[in-house]
Structure formats: C-alpha cells, structure tokens
Amino acid sequence: FFGFFSQERTSMRTSSSISLFAAALVLACVALGPSVADASRRRIHVSDDSGFDLDAEQAPGPTAWPQFVGSTGEEAKEAIEAESPELKVFITPRDAAVTMDYRTDRVRIFVDESGKVVKVPKLG
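Residues numbered from 1 in each chain as written. Predicted model: local features only at pLDDT ≥ 70, side-chain atom pairs only at ≥ 80, totals over all residues. Heavy atoms only, no water.

(A) The overall build of the protein chain, seen in detail. Check the secondary structure of the protein chain and you find three helices and five strands. Reading the protein chain from its N terminus to its C terminus gives the helix and strand order α-α-β-β-α-β-β-β. Out of the 124 residues belonging to the protein chain, those deemed buried represent 19%. By sequence separation, contacts in the protein chain at least 24 residues apart represent 35% of the contacts at least 6 residues apart. Carbon and sulfur atoms provide 62% of the accessible area of the protein chain, an area that totals close to 8900 Å². (Helix = DSSP H or I, 4+ residues; strand = E, 2+ residues; numbered from the N terminus. Buried < 20%, exposed > 50% of the residue type's maximum accessible area, 1.4 Å probe, protein only. Contact = heavy atoms within 4.5 Å. Areas by Shrake-Rupley, 256 points an atom, 1.4 Å probe, with all protein chains shown as cover.)

Structure representation (structure tokens):
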C-alpha cells in the first residue's frame, strides 16, 4: 500500500521536472530572439504603394545555374564563385545527407561518382 504512494510521488516529481525543463527551454528560445541563421540572411527594405513597409529577402544575381548539369562539379564551382564571390559553394555527393536549412549565401553542387553535376545548383 505504501509502495504505491511512493511510486506516485516519484512519478509526480519526474513529470514536474520535465515540465520545468520544457518551460525553461521555451523561455530560453524566446529570450534569444531570432536565430543566427535569420541574421545571416541578406535583406532589403521595400515600400509598396499602400504605405506599408516590407522586408523582403534579397538574392542578388542568379539563384540557380541549370547550365552546369552534366559538366564537372569543379567547373561549376569555379564559374559560380567567379560570378558571385560572396557565395559559399560546396561540391557534395548526390547521396550525401545535408542539412535542410535554407541559406541565401550557400550553393550546393550535387555530383555523381564521376564528378558530373546531377542536379541544378541553386541557392539554399
């Protein structure tokens, strides 16, 4: 009988700890504000005719390079870096695991085993 109450108290203590941890995590996220990834995005200020001011992401120059599909990854990388030196260009195996975050300063060039570009290189 007393063992039951002991287990119930332990269970309540564990759920309280989890609740406190979750609350602390939410508060930390709110306190940190926008993520670092948001800060690295380039933005421009746009004002439309309605009088509202809008912030829109800026992607100067091309955002995709379909002409490089079938060429070597090195050729594509050199050309993209020459055209847009501010971009970080990566040659990546087509089956590689990559992060899914969207970055306006990154281009991934997916290549096959022979080093040929197999997907359209694009910002992201």
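Now that the structure has been shown, the text picks up again.
(B) Main features of the sheet that holds strand E4 (residues 106-111). As summarised here, the arrangement of the three strands in space is E3-E4-E5, forming an open sheet in which the pairing is mixed. Two strands lie at the open edges of the sheet, namely strand E3 (88-93) and strand E5 (122-123), each paired on one side alone. Both E3 and E4 contribute to a ladder of six bridges, which runs parallel. Residue pairing in the sheet places valine 89 in a bridge with valine 107 of E4. (Pairing = 2+ DSSP bridges.)

(C) View of the pattern of salt bridges. Enumeration over the complete set of coordinates arrives at four salt bridges. Note that arginine 94 is salt-bridged to glutamate 113, the shortest N-O span being 3.4 Å. In this pair, arginine 94 is assigned in the loop between E3 and E4 and glutamate 113 in the loop between E4 and E5, connecting sequence segments 19 residues apart. Judged by relative accessible area, arginine 94 falls into the partly exposed class, the value being 35%. Within the structure, one salt-bridge network assembled from shared partners comprises Lys88, Arg103 and Asp105. (Salt bridge = Lys/Arg side-chain N within 4 Å of Asp/Glu carboxyl O.)

(D) Seen up close, the environment of isoleucine 109. Secondary-structure assignment places isoleucine 109 in strand E4. You can call isoleucine 109 buried: its relative accessible area is 0%. Residues isoleucine 109 and proline 121 lie twelve residues apart in sequence; the distance between their C-alpha atoms is 5.0 Å. Excluding anything up to four places from it in sequence, isoleucine 109 contacts Gly73, Ala76, Lys77, Ile80, Val89, Phe90, Ile91, Thr92, Val117 and Pro121.

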